[in-house]
Amino acid sequence: MSKLNYQPLGDRVIVSPQQPEQTTKFGIVIPDSAQEKPQSGTVIAVGPGKTSDEGKVIPTTVKEGDSVIYAKYGGTELKVDGSDYLIIKESDILAIKR
Amino acid sequence: MSKLNYQPLGDRVIVSPQQPEQTTKFGIVIPDSAQEKPQSGTVIAVGPGKTSDEGKVIPTTVKEGDSVIYAKYGGTELKVDGSDYLIIKESDILAIKR
Amino acid sequence: MSKLNYQPLGDRVIVSPQQPEQTTKFGIVIPDSAQEKPQSGTVIAVGPGKTSDEGKVIPTTVKEGDSVIYAKYGGTELKVDGSDYLIIKESDILAIKR
Amino acid sequence: MSKLNYQPLGDRVIVSPQQPEQTTKFGIVIPDSAQEKPQSGTVIAVGPGKTSDEGKVIPTTVKEGDSVIYAKYGGTELKVDGSDYLIIKESDILAIKR
Amino acid sequence: MSKLNYQPLGDRVIVSPQQPEQTTKFGIVIPDSAQEKPQSGTVIAVGPGKTSDEGKVIPTTVKEGDSVIYAKYGGTELKVDGSDYLIIKESDILAIKR
Amino acid sequence: MSKLNYQPLGDRVIVSPQQPEQTTKFGIVIPDSAQEKPQSGTVIAVGPGKTSDEGKVIPTTVKEGDSVIYAKYGGTELKVDGSDYLIIKESDILAIKR
Amino acid sequence: MSKLNYQPLGDRVIVSPQQPEQTTKFGIVIPDSAQEKPQSGTVIAVGPGKTSDEGKVIPTTVKEGDSVIYAKYGGTELKVDGSDYLIIKESDILAIKR
């Protein structure tokens, strides 16, 4: 996995989405409903954390390399050197795979 | 009940929904209105808790193994190894069966 | 009145709605408008209270056995052993009958 | 004015609306616009006050017997023993008649 | 200007609107757009102030007799003894004429 | 530029809009998109500042005479002695010209 | 890159958008979805920071000269001496290029 030259701001996180063909290989996330569909991916870069109303930075809890599932809704797509990434807020990450 | 390899983030909880045929066997939850329908299930995994605006983690109060009824609205479906799970916020859990 | 095996979470309360034919017997609540209609019932189970943003639990003020009128809007119906109950937030309770 | 057997919760107040024919007698409130129409009435019962996010009760400032004008919007009608009452929030009371 | 027998609650203020024919006499406020139109008037009665979430009263800053311009939107009309008044929130007052 | 006899309340500011023909003379602000169009003007009067929820006044940072660009959306037009002014909130001011 | 004579207020930032033809030269940001499209640019001027509800200024974290990607939505276009700029809030900046 290539190192990205981007530092997310605030509580944003950049994830490298897992490819659909890989989903079957690992056999993990295949939602069967049309509601909100979670996706899986790997955390590539992590922002310092959200700044509270009084200026305190609340550190993010996910780390680079974490395998996560997240709600795609709200994220921003980013293409760098032909690879697709997604910038999401940490609050859009539902769970970490242990 | 199988152990899941997912750790929910924040105040999220993963529940294993009770199957409809089981609902009759235990005779518990059969809503007769079209409004918001509660469902029953078992808590499989629990996040550490919600982080307050000032960075304090408010621990979740439900525990693994709790039998709960919850509002389905807002949850995210997750299929792992052929089983269906639901990721919801603790605030969507209405009551614990004693 | 049967004891329910459910413990509401947060500031939720389970009420046993008063039957319409009983309303006349006690002669209490017959709204004559189509706006928001209050209903009367008895409190069956009470949650520990709402958790503040900083983690403090604000105790509920209604108690088991209280005769209350409440706004039905927002509640979730629950049927247990053939009886109908309603799970509402304490803030949906308008007044306690003394 | 009869004593009501209801204790409002929170910052709710029960008022006995002034009858339209009385409005002329006292010559006070006759709105001439179709916007939000204030009404006059008498405070019958007063809740303890609003609970802040941190659990502090903020006492209500109106008292039983106060003659008030209020915005009807948002209130809940209540009929007890043939009389009509209205349950409103104290914040819906616009002014007290001195 | 007659003394009103009403004490506004919270951060509400009662104003006596300036008549349209007077507007020309003083030559002050003639908005030429259809957006939000300010109006001018005189403050007749002032509430004690807004109560904060923690119960502290924030005093109002306008005073009886102040000549003000205000946004009409949101106010409630009140007719007393044949005169028209408007109950608005202090936050709807845009400026004080010096 | 004439002195206005109005004292804005709270975090409001009165600006004297720059005339369109002057815009070319100074060659500064000609937005070429239909989105939100900034305008330029001069600050004529400044309110004391926004009052926080706990009653603390947060002083405004712009000063009389400042040349500013602002978002017109949300302001209220005011005509005094044949001149047009705009009452806006300080938060609608985007930048100060140095 | 020319020095701008504008000082943004609050947590606003002025960016000089990267031209589309430059995007290919540096080969960085080509979103392939119709959702929210990030853009890249250079920070030209930075406001002092957001003022909290209690009056504390929370300093901005981006600096003049930073190469950033940002969400265009919500910004205000500004043309000065024939050049296009964008005034955005710091919270609209997604990441800094290292």
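Worth saying up front: this structure is predicted, and the values here are computed from it rather than measured. (Residues numbered from 1 in each chain as written. Chains lettered and ligands numbered in written order. Predicted model: local features only at pLDDT ≥ 70, side-chain atom pairs only at ≥ 80, totals over all residues. Heavy atoms only, no water.)

1. A look at the overall build of chain A
Consideration 1: Scanning chain A from N- to C-terminus turns up one helix and nine strands.
Consideration 2: When burial is assessed residue by residue, chain A has 49% of its 98 residues classed as buried.
Consideration 3: Of the roughly 4,900 Å² that chain A leaves accessible, carbon and sulfur atoms contribute 50%. (Helix = DSSP H or I, 4+ residues; strand = E, 2+ residues; numbered from the N terminus. Buried < 20%, exposed > 50% of the residue type's maximum accessible area, 1.4 Å probe, protein only. Areas by Shrake-Rupley, 256 points an atom, 1.4 Å probe, with all protein chains shown as cover.)

2. Focus on the sheet that holds strand β9 (residues 93–97) of chain C
Strand pairing in a sheet is mediated by backbone hydrogen bonds. Such pairs are either parallel or antiparallel.
Consideration 1: In spatial order, the strands read β7(C)-β8(C)-β2(C)-β3(C)-β6(C)-β9(C)-β1(D); together these seven strands make up an open sheet with antiparallel pairing. With partners counted over all chains shown, the strands left at the sheet margins are β7 (76–80) of chain C together with β1 (6–8) of chain D, one partner each. Here the average twist between neighbouring strands, direction ignored, is 40°. (Pairing = 2+ DSSP bridges. Axes fitted to C-alpha atoms, helices over the stretch in contact; angles between N-to-C directions.)

3. Overview of the interface of chain G and chain F
Consideration 1: In this assembly, 21 residues from chain G lie in contact with 24 residues from chain F.
Consideration 2: When chain G packs against chain F, close to 2,100 Å² is buried across both sides, 48% of that on carbon and sulfur atoms.
Consideration 3: For chain G, the biggest contributors to the area lost against chain F are G:Tyr6, G:Leu9 and G:Glu77; these three give 29% of the whole.
Consideration 4: Our enumeration of links across chain G and chain F arrives at zero salt bridges.
Consideration 5: Where chain G packs against chain F, one counts 10 residue pairs in polar contact (both at pLDDT 80 or more).
Consideration 6: Of all the elements in the fold, those that place two or more residues in the side of chain G that touches chain F are β1 (6–8), β7 (76–80) and β8 (83–89) of chain G.
Consideration 7: Ranked by residues supplied to the side of chain G that touches chain F, first place goes to β7(G) with five residues.
Consideration 8: Across three bridges, the pairing between strand β9 (residues 93–97) of chain F and β1(G) is antiparallel. Each residue of the ladder has a partner; that of F:Lys97, found in β1(G), is G:Tyr6. (Contact = heavy atoms within 4.5 Å. Buried area = accessible area lost by both parts, 1.4 Å probe. Salt bridge = Lys/Arg side-chain N within 4 Å of Asp/Glu carboxyl O. Polar contact = N/O pair within 3.5 Å; in protein donor to acceptor, adjacent residues only side chain to side chain.)

4. Points about the interface of chain A and chain G
Consideration 1: With 21 residues of chain A in contact, the opposing surface of chain G contributes 26 residues.
Consideration 2: Taken over both partners, the interface formed by chain A and chain G buries close to 2,100 Å², and the fraction arising from carbon and sulfur atoms is 48%.
Consideration 3: On the chain A side of the contact with chain G, A:Tyr6, A:Leu9 and A:Glu77 bury the most area, a combined 29% of that side's loss.
Consideration 4: Viewed at the interface, chain G and chain A are joined by zero salt bridges.
Consideration 5: Taken together, chain A and chain G are joined by 10 residue pairs in polar contact (both at pLDDT 80 or more).
Consideration 6: Only β1 (6–8), β7 (76–80) and β8 (83–89) of chain A provide two or more residues apiece to the side of chain A that touches chain G.
Consideration 7: Considering each element in turn, the side of chain A that touches chain G owes the most residues, five residues, to β7(A).

5. Structural notes on the relation of the copies chain A and chain G
Consideration 1: Aligned on chain G, chain A shows an RMSD of 0.0 Å; the corresponding rotation is 52° and the shift along the axis is 0.0 Å.
Consideration 2: Mapped onto chain G, only 10% of the interface residues of chain A are again interface residues, and the two copies thus contact each other with different surfaces. (Least-squares fit on C-alpha atoms with pLDDT ≥ 70 in both.)

6. Topic: the environment of G:Tyr6
All names here are of chain G.
Consideration 1: Relative to the elements of secondary structure, tyrosine 6 occurs in strand β1.
Consideration 2: On the basis of relative accessibility, which here comes to 3%, the residue tyrosine 6 falls in the buried class.
Consideration 3: Distance in space between the C-alpha atoms of tyrosine 6 and isoleucine 44 is 9.5 Å, their sequence separation being 38 residues.

7. Quick look at the environment of G:Gly10
All names here are of chain G.
Consideration 1: Considering the arrangement of structural elements, one finds glycine 10 in the loop between β1 and β2 (12–17).
Consideration 2: Counting along the chain gives 80 residues from glycine 10 to glutamate 90, while the straight-line C-alpha distance between them is 9.5 Å.
Consideration 3: With near-sequence residues (within four places) excluded, glycine 10 lies in contact with Gly47, Pro48, Gly49 and Lys50.

8. Side note on the relation of the copies chain G and chain F
Consideration 1: Superposition record for chain G on chain F: RMSD 0.0 Å, screw rotation 52°, translation along axis 0.0 Å.
Consideration 2: When you check the interface residues of chain G against chain F, a mere 5% turn up at the interface there too, and the two sides of the contact use different surfaces.

9. Considerations on the sheet that holds strand β9 (residues 93–97) of chain A
Consideration 1: One open sheet holds the seven strands; their spatial order is β7(A)-β8(A)-β2(A)-β3(A)-β6(A)-β9(A)-β1(B), and the pairing between them is antiparallel. Edge positions in the sheet fall to β7 of chain A together with β1 (6–8) of chain B, since each of these pairs with one other strand and no more. Strand after strand, the sheet turns through a mean of 40° between neighbouring axes, direction not considered.

10. Topic: unusual backbone geometry
Consideration 1: The phi dihedral of A:Asp81 falls on the positive side, at around 50°, and the residue is not glycine.
Consideration 2: Inspection of the secondary structure assignment puts A:Asp81 in the loop between β7 and β8.

11. Focus: a negative patch on the surface
Consideration 1: A surface patch of negative charge is lined by A:Asp53, B:Asp53, C:Asp53, D:Asp53, E:Asp53, F:Asp53 and G:Asp53.
Consideration 2: Looking at the element boundaries, C:Asp53 is found in the loop between β4 (49–51) and β5 (57–59).
Consideration 3: According to the relative accessible area criterion, C:Asp53 is partly exposed, its value standing at 47%. (Patch = residues over 30% accessible without salt bridge, like charges linked within 9 Å, V, L, I, M, F, W, Y side chains within 5 Å. Lys, Arg positive; Asp, Glu negative; His and termini not counted. Charge placed at Lys NZ, Arg CZ, Asp CG, Glu CD.)

12. Let's talk about the confidence of the model for chain A
Consideration 1: Of all residues in chain A, 80% have pLDDT values of 70 or greater, and the mean over the chain is 84.
Consideration 2: In the model, residues 21–35 of chain A has pLDDT below 50 throughout and makes 26 contacts with residues more than four positions away in sequence or in other chains. (pLDDT = per-residue confidence, 0-100.)

13. Describing the pairing of strand β3 (residues 38–46) of chain G
All names here are of chain G.
Consideration 1: With eight of nine residues buried, β3 is to be regarded as a mostly interior element.
Consideration 2: Pairing between β2 and β3: five bridges, direction antiparallel. Among the inter-strand pairings, valine 15 is bridged to a residue of β3, identified as valine 43.
Consideration 3: Bridge count for β3 against strand β6 (residues 67–71) is five bridges, and the pairing is antiparallel. What sits directly across from glycine 41, in β6, is valine 68.

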